[in-house]
Amino acid sequence: MQSKKLLTLPLALLAAGACVTTVAVASTSTASATATGASALPAGYQLVTLPNANVPNFQRRTLYCPGTKRVLGGGAEARGNGAILVGSFPTDDGRGWIGIGRQIGYNDVGISVFAICAD
């Protein structure tokens, strides 16, 4: 039995005036979807992490993709009592990811950064 899934754009793209097209995708089985998904990864796909480290509040932690790879997406995590993630965004050159945080009542915060990289 086939099921249909709708793919949509994130709200941020809609706010930026992106053109929206809704596409129905047929799915026949979990096994075939998994096999197709594995082959659909971009060339040179790699998940890169910058492990947790304490840095002064509002100091950027930057993680770069290895070699000539470019960042496709990423994220960051603020750790500690009262820790707040202030920013998580790509570098200006598109080669890495930046994480910024602060911790209420302390001078430093633990920040981890993650990036999805590809050729």
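Residues numbered from 1 in each chain as written. Predicted model: local features only at pLDDT ≥ 70, side-chain atom pairs only at ≥ 80, totals over all residues. Heavy atoms only, no water.

Engineer: Looking at this model, I keep getting lost on the overall build of the protein. Mind explaining?
Structural biologist: For the protein, the count of helices and strands is two helices and eight strands. The proportion of buried residues among the 119 residues of the protein is 26%. Sequence-distant contacts in the protein: of pairs separated by 6 or more residues, those separated by 24 or more amount to 61%. For the protein, the exposed surface amounts to about 7,700 Å²; the carbon and sulfur share of it is 58%. (Helix = DSSP H or I, 4+ residues; strand = E, 2+ residues; numbered from the N terminus. Buried < 20%, exposed > 50% of the residue type's maximum accessible area, 1.4 Å probe, protein only. Contact = heavy atoms within 4.5 Å. Areas by Shrake-Rupley, 256 points an atom, 1.4 Å probe, with all protein chains shown as cover.)

Engineer: Before we go on, may I ask you to explain the pattern of salt bridges in this structure?
Structural biologist: Any two side chains of opposite charge can pair, given that their charged atoms come close. One pass over the full model with this rule turns up one salt bridge. In this structure, the salt-bridge partner of Glu 77 is Arg 79, at a minimum N-O distance of 3.1 Å. (Salt bridge = Lys/Arg side-chain N within 4 Å of Asp/Glu carboxyl O.)

Engineer: What is the right way to look at the environment of Val 109 in this model?
Structural biologist: In this structure, Val 109 sits in strand S8 (residues 108-118). Each C-alpha atom, one on Val 109 and one on Asn 81, is 8.9 Å from the other, the two residues being 28 residues apart in sequence. With residues near it in sequence (within four places) discarded, Val 109 still touches Ala 53, Asn 54, Val 55, Asn 57, Ala 78, Arg 79, Ala 83, Gly 101, Arg 102 and Gln 103.

Engineer: How should the pairing of S8 be read in this particular structure?
Structural biologist: One face of the sheet, then the other: side chains in a regular strand alternate in exactly this way. Burial of S8 is extensive: eight of the eleven residues sit out of reach of the surface. Here strand S3 (residues 46-56) runs beside S8; their pairing, made up of nine bridges, is antiparallel. If you follow Leu 50 over to S8, its bridge partner there is Val 113. Sheet analysis places strand S5 (residues 70-79) next to S8, joined by nine bridges and oriented antiparallel. Bridge pairing in S8 places Gly 75 opposite Phe 114. (Pairing = 2+ DSSP bridges.)

Engineer: Please explain the side chain of Thr 91 as it appears in this structure.
Structural biologist: Among the structural elements, Thr 91 can be located in the loop between strand S6 (83-90) and strand S7 (96-103). There is a polar contact of 2.6 Å between the side chain of Thr 91 and the side chain of Asp 93. Setting aside its immediate chain neighbours within four residues, Thr 91 contacts Thr 62, Tyr 64, Gly 96, Trp 97 and Ile 98. (Polar contact = N/O pair within 3.5 Å; in protein donor to acceptor, adjacent residues only side chain to side chain.)

Engineer: In this structure, what is going on with the environment of Val 55? I would like to understand it.
Structural biologist: Of note, Val 55 is situated in strand S3. Expressed as a C-alpha distance, the spacing of Val 55 and Asn 107, which sit 52 residues apart in the sequence, is 8.5 Å. In this structure, Val 55 is in contact with Arg 61, Asn 107, Asp 108, Val 109 and Ile 111, ignoring residues within four places of it in sequence.

Engineer: What exactly am I supposed to notice about the sheet that holds S6 here?
Structural biologist: Remark on secondary structure: sheet strands pair via backbone hydrogen bonds, oriented parallel or antiparallel. Strand order in the open sheet made by the three strands is S4-S7-S6, with antiparallel pairing throughout. If you trace the sheet from one side to the other, it starts and ends with strand S4 (61-64) and S6, each paired once. Ignoring which end each strand starts from, the neighbouring axes of this sheet average 20° apart. Here S6 runs beside S7; their pairing, made up of seven bridges, is antiparallel. Across the sheet, residue Gly 87 finds its bridge partner in S7, namely Ile 100. (Axes fitted to C-alpha atoms, helices over the stretch in contact; angles between N-to-C directions.)

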